[in-house]
Structure formats: C-alpha cells, structure tokens
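Each chain, letter by letter, is given below.
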Amino acid sequence: MAVNQSGGCGFRNLTVANGHWVVTAGGIDPTGKWKSLDNAATFLFPVRALSNVFRAKFLESLLKAHDKGMLKFPGEVNQLADARTFRQWLYHEVPREWVVFSKPPFAGPEEVVKYIGRYTHRSAISNNRIIAEKDENIEFWFKNTKKKGRWETTSLPVETFIERFLYHVLPKQFHRIRYYGILANGKAGATIETVSRDLAEESKEMVQPEVVVPDKRGNTCSKCNKGTMITILIIDGYGNIITDMLTGSSDQAPVAILDST
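The notes below deal with the structure included here. (Residues numbered from 1 in each chain as written. Predicted model: local features only at pLDDT ≥ 70, side-chain atom pairs only at ≥ 80, totals over all residues. Heavy atoms only, no water.)

Some remarks on the overall build of the protein
Looking only at helices and strands, one finds five helices and 14 strands in the protein. Looking at the protein as a whole, 21% of its 261 residues are labelled buried. In the protein, once contacts between residues fewer than 6 apart in sequence are set aside, the share between residues at least 24 apart is 42%. A total of about 20,300 Å² of accessible surface is found on the protein, and carbon and sulfur atoms cover 55% of it. (Helix = DSSP H or I, 4+ residues; strand = E, 2+ residues; numbered from the N terminus. Buried < 20%, exposed > 50% of the residue type's maximum accessible area, 1.4 Å probe, protein only. Contact = heavy atoms within 4.5 Å. Areas by Shrake-Rupley, 256 points an atom, 1.4 Å probe, with all protein chains shown as cover.)

Some thoughts on the sheet that holds strand β6 (residues 137-144)
The strands making up a sheet are joined through hydrogen bonds of the backbone, oriented either antiparallel or parallel. Read from one edge to the other, the open sheet built from three strands follows the order β5-β6-β7, with strand pairing classed as antiparallel. In this open sheet, the two strands that pair with only one neighbour each are β5 (130-134) and β7 (150-157). Pairs of neighbouring strands in the sheet enclose a mean axial angle of 30°, with direction left out of account. Note: β6 against β7, eight bridges, orientation antiparallel. Bridge assignment links F142 to a residue of β7, and that residue is E152. Where helix α4 (residues 158-166) meets the sheet, it contacts β5, β6 and β7, and its direction lies at approximately 115° from that of β7. (Pairing = 2+ DSSP bridges. Axes fitted to C-alpha atoms, helices over the stretch in contact; angles between N-to-C directions.)

As for the packing of aromatic side chains
For the structure shown, the criterion picks out six aromatic pairs. A ring pair is formed by F73 and F86, whose centres lie 5.7 Å apart and whose planes are at 55°; its orientation type is tilted. Here the residue F73 occupies a position in the loop between α1 (47-67) and α2 (83-93), and F86 occupies one in helix α2, the gap between them amounting to 13 residues. With relative accessibility at 3%, the residue F86 sits in the buried group. Ring plane angle 20° and centroid distance 6.2 Å describe the contact between F86 and W89, whose orientation is recorded as stacked. Residue F86 and its partner W89 are located together in helix α2, separated by three residues, close to a single helical turn. (Phe/Tyr/Trp six-rings, centres within 6.5 Å; stacked < 30°, edge-to-face > 60°.)

Some points on the pattern of salt bridges
Applying the stated criterion to the full structure yields five salt bridges. A salt bridge links R48 to E97; its shortest N-O distance comes to 3.7 Å. Highlighted residues: R48 in helix α1 and E97 in the loop between α2 and α3 (109-120), separated in sequence by 49 residues. Note on accessibility: R48 and E97 belong to one class, exposed. Between K147 and E152 there is a salt bridge, with its nearest N and O atoms 3.3 Å apart. (Salt bridge = Lys/Arg side-chain N within 4 Å of Asp/Glu carboxyl O.)

Structural data, given as structure tokens:
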C-alpha cells in the first residue's frame, strides 16, 4: 500500500512530496500460495540497494512519461519539453544519492493503522496549534527542528498561511492511497482470503519450542557450578521476549524455553 503526501516542510516556504509504503514480508508465489520470507523477522532487504533501485525505477518512469508527452512544462521551464534537454537536465540536476528510510516490521495490525493514519487522516496543522488571528496575521505554534524540536511561536500573513496550508492538498488526478499486490483493486478479496488461510496453516505447522520447567531452586551456574541462576527474561531466537519475570508477578517457578533457532 502506498500513501502520497504532498506538503510544505514545517509550514516553511518549501514544497516537498513524500511517499509512504507498507510492504508485506512475503507474497503470492506462481502456484497461488502465500510465501513468507525466510528471514522476515530480522531482515527484509538492503536499504542502500533499495535507494538505488527506487531512483532508477522512478527516473525510468519519468522518461517514459516524457516520451509519451504526459509531462507539461509551462512558462520558464518550457525548454524541458525537448527530449534531449530534459535528459541533460536530469543528468545534471538529479542527485546521485537518494535517501530511502526504512522502518523495522510493525508490532501488529494496530501499529500499521496508527502509522498510516498519521498521513491519511491528519490535517496539515491541528486547531490547537493555531493561537490567534490578529492584524491580518496568523500566530501559531511550530516545532523548531534547529533547536532539537523545541516548540516556539511565529506568525504569517493570512494569505501566506493559507497558501502554505494548501501545499498539503494533493493536486488533481493524484490519489492519496493506492493499493498494490495482494491489496490491488479487483482481486483483494480473493487474495486476502488465500493469505489468511495459508498463514493459519503455516502457524499450525510451526514447530512448537520445547518447554522445560526448571527446579524451583533455580539452575546451577554453568560457569562456576556453584551459584544459582535466576530466570529474568526468556527470549526466542529472533530477540522477541517470551517471558518477562521483572514485570510479571507469579509465585510459580519460571519456565525456561529452549528454542531450536
């Protein structure tokens, strides 16, 4: 799923366009079955390679759009309508290094909804940040990134404020949300049903870890063979916490889980 976000950067005089993608750690194979990535819990893809591929794909699509006459160049940039001039402009002006920021996998469906909601249902500036309108100026709060995110106040003329607010409105013919892959329009219902069924079967086939209940007196230290070890945390092979004895309150002896991973 891709989310387009157009807007000014912190209500400064700078227009930026951002894209946010939520990518599944797997997909439908040629046989129609869901296939999870082997290392999906710890690794999805190399970010630097993703930056290079994204840049190449983006520029390739841009050149195709130019060749088909889909791009418009009014006024001072009308010289870019020439194919040769446009390619030279791309070569000299487009940065060689692109930045693609990638976050780790989400903790669950709720986190996905929270993440996407920040960009699909959030206004450019919330009402509680607007302080007052006085003498045809709008006074409001903003976060000063040059001062470690410190909140400060500033003001802008009404027309300038409205202009920068409208930077956050997508242009015509732009879709805020697009669905791809298993969520693509027209086949989402069937593919989601298939994925849900295959993931349920995959969960059943997973080897359950061996559970061992240690002696209530604790385990003997394997280093000195004298002291008694107390279980505090139990984690699996991926670093996920299975049991947290620090926050839990139980009089029962802790359970040690031996994970084959």
